[in-house]
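A look at the structure
The chain contents come next:
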Amino acid sequence: MKITHALGTSIALLVAFWVYVSIGHPELKLYPWIGFVAWAAFFAAGGGRNGLVKPLATSTAGIVLTALTMYGVGQSGNGLVVLMLLVAILAFVLVAISEVGIFSYTPAAFLGAATYFGSGSKIDESIVFVILSWVAGLLLGYASEVIGNKIARPAV
């Protein structure tokens, strides 16, 4: 089987599983779309170990730093000028942290920030579920790669 077909097959099966888990069980509070963003980040980072480690560390930093930024905005009265200023500082920090090896995958920092914003920017336990959805997506990406590579191999 061609690798593209094998990956397509493994991804299709795992997508069905992810939809079942994340949408079929709302009590888990997972964000299906965030899992898909993380899954894409896994492959964009080159897959394998790097596809797990770099997006995980950097996206988690992006999520946490964005939550802290929005907390600061809230503490400052939620004004537009404060929002503009603090988000601009956040953007600088998301790029600057790339000098630290484990945080060097800058796109994941912005993807993490975007998923936190997209989740509603709440300062509550939802931050944990945004991160868990990221972890799930990265693990699904890894699993789809491993399974795809196994089924692409010719039968012996």
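In case you missed it, the structure is sitting above this.
Criteria and thresholds
- Residues numbered from 1 in each chain as written.
- Predicted model: local features only at pLDDT ≥ 70, side-chain atom pairs only at ≥ 80, totals over all residues.
- Heavy atoms only, no water.
- Core = buried A, V, L, I, M, F, W, Y, C linked by side-chain atoms within 4.5 Å.
- Buried < 20%, exposed > 50% of the residue type's maximum accessible area, 1.4 Å probe, protein only.
- Helix = DSSP H or I, 4+ residues; strand = E, 2+ residues; numbered from the N terminus.
- Contact = heavy atoms within 4.5 Å.
- Expected span 1.5 Å × (residues − 1).
- Axes fitted to C-alpha atoms, helices over the stretch in contact; angles between N-to-C directions.
- Parallel < 35°, antiparallel > 145°, perpendicular 65-115°, else oblique.
- Left-handed = near helix turned anticlockwise from the far one by under 90°.
- Nonpolar A, V, L, I, M, F, W, Y, C, P; charged D, E, K, R; others polar.
- Phe/Tyr/Trp six-rings, centres within 6.5 Å; stacked < 30°, edge-to-face > 60°.

**Notes on the nonpolar core**
- The biggest cluster of nonpolar side chains holds 16 residues, and the ones touching the most others in it are Ile63, Tyr116, Ile127, Val130 and Trp134.
- Residue assignment for this core shows that the elements contributing at least two residues are helix H2 (32-44), helix H3 (48-75) and helix H6 (126-152).
- Broken down by element, the residue count for this core peaks at 6 residues, all from H6.
- Each residue touching Ile127, except ones within four places of it in the same chain, is listed here: Ile63, Ala67, Tyr116 and Lys122.

**Section: helix H1 (residues 3-22)**
- Over its 20 residues, H1 extends 27 Å from the first C-alpha to the last, a length consistent with the 28 Å expected when each residue adds 1.5 Å.
- Residues of H1 that are buried in the fold lie against H2 and H6.

**Re the packing of H2 against H6**
- The interhelical angle for the contact between H2 and H6, taken along N-to-C directions, is 45°, at an axis separation of 7 Å. The orientation of H2 with respect to H6, classified from their angle, is oblique. The crossing of H2 and H6 is right-handed. In this structure, H2 uses Ile34, Gly35, Val37, Ala38, Trp39, Ala41, Phe42 and Phe43 to contact H6, whose residues at the interface are Val130, Ser133, Trp134, Gly137, Leu138, Leu140, Gly141, Tyr142, Ser144 and Glu145.
- Taken together, the residues of the contact of H2 with H6 break down into 12 nonpolar, 5 polar and 1 charged.

**Structural notes on the packing of aromatic side chains**
- For the structure on display, the rule yields 4 aromatic pairs.
- Between Phe36 and Trp39, the ring centres sit 6.1 Å apart and the planes meet at 10°, which makes this aromatic pair stacked. Note that Phe36 and Trp39 are positioned in helix H2 at a spacing of 3 residues, about one turn of the helix.
- On the basis of relative accessibility, which here comes to 32%, the residue Phe36 falls in the partly exposed class.
- Taken together, a centroid distance of 4.9 Å and an interplanar angle of 85° make the contact between Phe42 and Phe43 edge-to-face.
- Exposure remark for Phe42: the relative accessible area of 0% places this residue in the buried category.
- Ring pairing ties together the aromatic residues Phe42, Phe43 and Tyr142, which thus form one cluster.

Without other data, these values stay purely geometric and don't point to any function.
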